[in-house]
Every structure is written in C-alpha cells, then in structure tokens.
Amino acid sequence: MAKAELNHTLFLAIIEPLVTTMTKSELIEVLAHEKSDLSFKDVEAAVKALLEHMSESLADGERIEIRGFGSFSLHYRPPRTGRNPKTGAAVELAGKYVPHFKPGKELRNRVNEAAANERKPVRRSSRSATQ
Amino acid sequence: MALTKADMSERLFDKIGMNKRDAKELVEAFFEEIRRSLEQGEQVKLSGFGNFDLRDKNERPGRNPKTGEEIPISARRVVTFRPGQKLKNRVDTRQHELAGDA
C-alpha cells in the first residue's frame, strides 16, 4: 500500500468512530485528504461552488439529478390559514415551493443494508448451538 | 432540463479553473463521501444548504397495491433531507420573483 493511501486509511480509521455527524468543513477535510494532489483551498472553493450551484438550480426551479445518490426538486405547498402562536390570530399564508430530496436506489440500499447488518444478532449460530 | 454531475464539473472548470479530470473526480467524491457517511450512520450537515438525516423505521403492516394481499414492510433505515433556512428562503424568494409577485 502506498504511504499516502495508508495515511488516508489511518486517518479515516481514527476519525470515523469518533463522529456521528459530518459537517461541511469535515467533508472538505476528508475530500482534501483523499484528493491529495489538489490544494485544500481548491477543494474548499469547489465544495462551496457545488453547493452554490445546487442552491441556484433549485431556486430557479430546476431539478438536480445525481444517479445513485438521488434527486432534488421543488414541492408546492398550497396557501393555507395559519395562526400566530402568541395571539391566536388567523394569518393567511401564501403558497410556496420547498426543496425536496428523493434518495436514489444505491444510497437507499447502502444505508439500509448497513443498518440491517448492525441489527443482525452477531452470535446467533453459536447461541443456538449451545441451547 | 435537470442539473447533473457533468454540469457541476463544467462549473468547477469555468469558475475555479480546476482541470476537467480533477473536477469530474471531485464531484464524484463529493457525493460518494456523503453516501459513505450516511452508510456509516452519520448524518451530514451542510450549513446554508441542508441536513441529510437518518431515520430508523420499525416494521409496519403493508399491502400489495395490486392484489390487496397483506405483507409486512420490514424495518429499515431511510435518509431524509431537511433543507436549511437559507436555502428555503432563497427558493421561496426566487420563485415569487419568477412568478412576478415579489
């Protein structure tokens, strides 16, 4: 195994059990580590540009389709009568568009299979053998 | 017309001057890293954009819509996306502008 590759494997092995959330800055760090031929600054600028591009498309009402990951689109929420929680007064709320994400098949399967493996009782066979 | 990975790497080439091969690989790695985190049971928080959360669903009764036959829907983990306030506001403002009622 190449040294850079080993460092990356070690890096992931060390940080992964410690985190239950990945933030944008952690994502940038992981990507910069993985793409060691790119500068940290370039990776940071690229991730920000990607999110900006995605936000811009959605704002313009354009769908985003990433095969194996999922698709983003806008869902319409019709106008409704809401209430001011403090005064209880009725307020007319205009119809609006909200971003919606539908996970793709690969993402759905990978997440669900990993979760199913966690749920699986590990010592089932040895236990039934002793009973 | 939908935004694709090809459009996204094109943008990295145009705006950041990243070479096309690096841009393509980075876009691919960006989505793969998010998938990998979610697969490992980590939620992903992208401030200004939104959060990808995980939810564990219990087994529940279901039906085959064609035959009406009852079949249980197995317990599963699903990904949900909660758009951030900044993205929601931006979408709403722009959509009203486009509709000409801003």
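Residues numbered from 1 in each chain as written. Chains lettered and ligands numbered in written order. Predicted model: local features only at pLDDT ≥ 70, side-chain atom pairs only at ≥ 80, totals over all residues. Heavy atoms only, no water.

Quick look at the pattern of salt bridges
What counts is decided by this rule: A side-chain nitrogen of Lys or Arg and a carboxyl oxygen of Asp or Glu constitute a salt bridge if their distance falls within 4 Å. Helix and strand definitions here come from DSSP, where helices need a minimum of 4 consecutive H or I residues and strands a minimum of 2 consecutive E residues; each element is numbered from the N-terminal end. Exposed residues in this analysis have more than 50% of their type's maximum accessible area, buried residues have under 20%, and partly exposed residues fall in between, with area computed by a 1.4 Å probe over protein chains only.
In total, this model carries 20 salt bridges over all chains according to the counting rule given. Note that A:Glu106 and A:Arg110 form a salt bridge whose closest N and O atoms lie 2.9 Å from each other. Within this pair, A:Glu106 and its partner A:Arg110 are both found in helix H4 (residues 105-119), separated by 4 residues, close to a single helical turn. On the accessibility criterion, A:Glu106 (35% relative accessible area) is partly exposed. In this structure, the salt-bridge partner of B:Asp22 is B:Arg21, at a minimum N-O distance of 3.9 Å.

Overview of the packing of helix H3 (residues 40-59) of chain A against helix H2 (residues 20-39) of chain B
Short version of the rule: Lines fitted to C-alpha atoms define the axes here, with helix axes fitted over just the stretch in contact, and angles between the N-to-C directions of these axes take values from 0 to 180 degrees. When an angle is under 35 degrees it counts as roughly parallel; over 145 it counts as roughly antiparallel; between 65 and 115 it counts as roughly perpendicular; any other value is oblique. By definition in these notes, contact holds between two residues if any of their heavy atoms fall within 4.5 Å. Under the convention adopted here, Pro, Cys and the residues Ala, Val, Leu, Ile, Met, Phe, Trp and Tyr are nonpolar, Asp, Glu, Lys and Arg are charged, and Gly plus all remaining residues are polar.
At a minimum axis separation of 11 Å, H3(A) and H2(B) run at an interaxial angle of 75°. The orientation of H3(A) with respect to H2(B), classified from their angle, is roughly perpendicular. Within the contact between the two elements, H3(A) uses A:Val43, A:Ala46, A:Val47, A:Leu50, A:Leu51 and A:Met54 and H2(B) uses B:Leu26, B:Val27, B:Phe30 and B:Phe31. Here the residues of the contact of H3(A) with H2(B) are counted per class, giving 10 nonpolar, no polar and no charged.

Observations concerning the sheet that holds strand E5 (residues 76-83) of chain B
Either a parallel or an antiparallel arrangement is found when strands of a sheet pair, and the pairing is made through backbone hydrogen bonds. The condition is simple: For two strands to count as paired, DSSP must find a minimum of two bridges between them.
Here we have 4 strands laid out as an open sheet, ordered E1(A)-E1(B)-E2(B)-E5(B), and mixed in their pairing. Each having just a single partner strand, strand E1 (21-23) of chain A together with E5 of chain B make up the two edges of the open sheet. For this sheet the average axis-to-axis angle between neighbouring strands, irrespective of direction, equals 25°. Pairing geometry for E1(A) and strand E1 (residues 43-46) of chain B, over 3 bridges, is parallel. Within E1(B), the position partnered with A:Thr21 by the bridge is B:Gln43. Most of the contacts of helix H2 (residues 24-34) of chain A go to E1(A), to which it runs at about 80°, and overall it touches E1 of chain A together with E1 of chain B. In the packing of H2(B) onto the sheet, contacts are made with E1 of chain A together with E1, strand E2 (50-57) and E5 of chain B, and the angle to E1(B) comes to roughly 140°.

With respect to the sheet that holds strand E2 (residues 64-66) of chain A
Residue and element names in this part refer to chain A. Spatially, E2-E3-E6 is the arrangement adopted by the 3 strands of the open sheet, whose pairing is antiparallel. Edge positions in the sheet fall to E2 and strand E6 (96-103), since each of these pairs with one other strand and no more. Each strand of the sheet is rotated relative to its neighbour by a mean of 30°, with strand direction disregarded. With 8 bridges connecting them, strand E3 (residues 70-77) and E6 associate as antiparallel partners. Paired with His-75 across the two strands is Val-98, which belongs to E6.

With respect to the packing of H2(A) against H3(A)
Residue and element names in this part refer to chain A. Applicable threshold: Crossing chirality is assigned from the near helix's rotation relative to the far helix, an anticlockwise turn below a right angle marking it left-handed and a clockwise turn marking it right-handed.
Viewed as axis vectors pointing N to C, H2 and H3 meet at an angle of 130°, and their least axial separation amounts to 9 Å. The orientation of H2 relative to H3 falls into the category oblique. Crossing of H2 over H3 shows right-handed handedness. For the pair H2 and H3, the contacting residues are Lys-24, Ile-28, Glu-29, Leu-31 and Ala-32 in the first and Phe-40, Val-43, Glu-44, Val-47 and Leu-51 in the second. Of the residues contributing to the contact of H2 with H3, the split by class is 7 nonpolar, no polar and 3 charged.

What to know about the nonpolar core
Condition: For our purposes a nonpolar core is just a set of buried Ala, Val, Leu, Ile, Met, Phe, Trp, Tyr and Cys residues, chained together by side-chain atoms within 4.5 Å.
Counting 43 residues, the largest nonpolar core has A:Met54, A:Phe69, A:Phe72, B:Leu12, B:Phe30, B:Ile34 and B:Phe52 as its most contacted members. The dominant element in this core, judged by the number of residues it contributes, is H3(A), at 9 residues. Excluding residues that lie within four positions of it along the chain, B:Phe30 makes contacts with A:Leu27, A:Leu31, A:Val47, A:Leu50, A:Leu51 and A:Met54.

Some words on the packing of aromatic side chains
Put simply, the rule reads: Two aromatic rings from Phe, Tyr or Trp, using only the six-membered ring of Trp, form a pair when their centres are within 6.5 Å; if the ring planes differ by under 30 degrees the pair is stacked, by over 60 it is edge-to-face, and anything between is tilted. Cation placement over rings: the criterion is NZ of Lys or CZ of Arg within 6 Å of the ring centroid and within 35° of the ring normal.
Taken as a whole and assessed by the stated rule, the structure comprises 13 aromatic pairs over all chains. Summarising the aromatic geometry, the rings of A:Phe69 and A:Phe101 are spaced 5.5 Å apart at their centres and angled 50° between planes, so their arrangement reads as tilted. Here A:Phe69, found in the loop between E2 and E3, pairs with A:Phe101, found in strand E6; they are 32 residues apart in sequence, far enough to count as distant. For the residue pair A:Phe69 and A:Phe101, the accessibility class agrees, reading buried in each case. With a centroid separation of 5.4 Å and an interplanar angle of 85°, the aromatic rings of A:Phe72 and B:Phe81 are classed as edge-to-face. With one member in each of two chains, A:Phe72 in strand E3 and B:Phe81 in strand E5 form a pair that bridges those chains. Residue A:Phe72 shares its accessibility class with B:Phe81, and that shared class is buried. Three or more aromatic residues link up through ring pairs in this structure, and these residues are A:Phe69, A:Phe72, A:Phe101, B:Phe30, B:Phe31, B:Phe49, B:Phe52 and B:Phe81. Sitting over the ring of B:Phe13, B:Lys20 keeps its end group 4.5 Å from the ring centre.

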